[in-house]
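# Structural overview for review
So you can see what is in the structure, the chains are spelled out below.
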Amino acid sequence: MLLISKAHGTPRHGSRDGFNGTNSATDPSSGQWVLCWRLMWPPFRRFLLPRSASPAPSPTPTDISMMSRALEVARAAAAMGETPVGAVVYETQTGKIVAEAGNRREADHDPAGHAELIAIREAARLLADWRLNRCTLVVTLEPCAMCAGAIVAARLGRVVYGADDPKAGATRSLYHLLEDPRLNHRVTPVRGVMAAESAALLREFFASRRA
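Worth saying up front: this structure is predicted, and the values here are computed from it rather than measured.

## So, the environment of Leu 127
Tracing the sequence through the fold places Leu 127 in helix α4 (residues 115-127). Note: C-alpha distance between Leu 127 and Ala 99 (28 residues apart in sequence) is 9.8 Å. Here Leu 127 is in contact with Glu 91, Val 98, Leu 132 and Cys 135, once residues within four sequence places are set aside.

## A look at the packing of α4 against helix α5 (residues 145-153)
One can describe the packing of α4 onto α5 by two numbers: an axis separation of 9 Å at closest approach and a directional angle of 20°. For the element pair α4 / α5, the angle class is roughly parallel. Viewed along their axes, α4 and α5 form a crossing whose handedness is left-handed. The segment α4 lies against α5, with Glu 116, Leu 117 and Ile 120 engaging Met 146, Cys 147, Ala 150 and Ile 151. Of the residues assigned to the contact of α4 with α5, the class counts are 6 nonpolar, no polar and 1 charged.

## Details of the packing of aromatic side chains
Per the counting criterion, the structure on display carries 1 aromatic pair. Arranged with centres 5.2 Å apart and planes meeting at 80°, the rings of Phe 205 and Phe 206 form a pair that is edge-to-face.

## Section: the pairing of strand β7 (residues 158-163)
Counting buried positions along β7 yields 6 of 6 residues, so the element is predominantly enclosed. Here 5 bridges tie strand β6 (residues 135-141) to β7, and the two strands are oriented parallel to one another. Across the sheet, Val 139 pairs through a bridge with Tyr 161, a residue of β7. Regarding the hand of the β-α-β motif, the stretch spanning β6, α5 and β7 is right-handed.

## Focus on the sheet that holds strand β4 (residues 86-91)
With mixed pairing, the 4 strands of this open sheet are ordered in space as β5-β4-β6-β7. The sheet is open, and its two borders are formed by β5 (97-102) and β7, each paired with just one other strand. Adjacent strand axes in the sheet meet at a mean angle of 10° when their direction is disregarded.

## Brief notes about the pairing of β5
Pairing between β4 and β5: 5 bridges, direction antiparallel. From the neighbouring strand, Ala 87 faces β5, where its bridge partner is Ala 101. Linking two consecutive strands that pair antiparallel, namely β4 and β5, is a turn of 5 residues; a positive phi of about 80° is found at Gly 95 within it.

## Details of helix α2 (residues 61-79)
The end-to-end C-alpha distance of α2 is 28 Å, a good match for the 27 Å that 19 residues give at a rise of 1.5 Å each. Close packing links the buried residues of α2 with β4, β5, β6, β7 and α6 (195-210). A positive backbone phi angle near 85° is found at Gly 81, which sits one or two residues after α2.

The rules behind these values
Residues numbered from 1 in each chain as written. Predicted model: local features only at pLDDT ≥ 70, side-chain atom pairs only at ≥ 80, totals over all residues. Heavy atoms only, no water. Helix = DSSP H or I, 4+ residues; strand = E, 2+ residues; numbered from the N terminus. Contact = heavy atoms within 4.5 Å. Axes fitted to C-alpha atoms, helices over the stretch in contact; angles between N-to-C directions. Parallel < 35°, antiparallel > 145°, perpendicular 65-115°, else oblique. Left-handed = near helix turned anticlockwise from the far one by under 90°. Nonpolar A, V, L, I, M, F, W, Y, C, P; charged D, E, K, R; others polar. Phe/Tyr/Trp six-rings, centres within 6.5 Å; stacked < 30°, edge-to-face > 60°. Buried < 20%, exposed > 50% of the residue type's maximum accessible area, 1.4 Å probe, protein only. Pairing = 2+ DSSP bridges. Right-handed = clockwise from strand over helix to strand, strands pointing away. Expected span 1.5 Å × (residues − 1).

It is worth stressing that arrangement in space is one thing and function is another; only the former is reported here.
Next up, the structure:
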């Protein structure tokens, strides 16, 4: 972000700390850095000012049932030494499970071995269609940027997740990739379904690894 010093007139890049969305400037004699007025011009404002998030939809009974199944898959992954994350892809209309997977990064030595990515690939293979707009993805942990990208690419119709991921989550915690209006597909995720159970499973797993 471009900042400018009133005292010295020297442009410089800096952070958004303290930015309150107004055009107010600090005392010109203080020498503090203030926002360059050009960044408040409307074409720039849409990149700087936060957008209000869409209201989160409520989970269906099928979503809750599928999350229970995803937690079972996550526990099986933990038993294999994998981070306990489980994912299920089901047909939204019928409730039929198409594919499910747990994390496999350790087993496959694959940095992309995330549960939801594996489940998405398997669902597309079984349905012989990369477009999964008639399906719902249920995953125990908030998808990362990689998996959010796969969700958009697969045109998934619905996404349901359990616990937030403050370090890597890309659907709410760090980014809102699934609702970004610049992308060619958007889906508002159903958040926090059985979040306590998902978070507890992760805490127990990492506590046992540190013991």
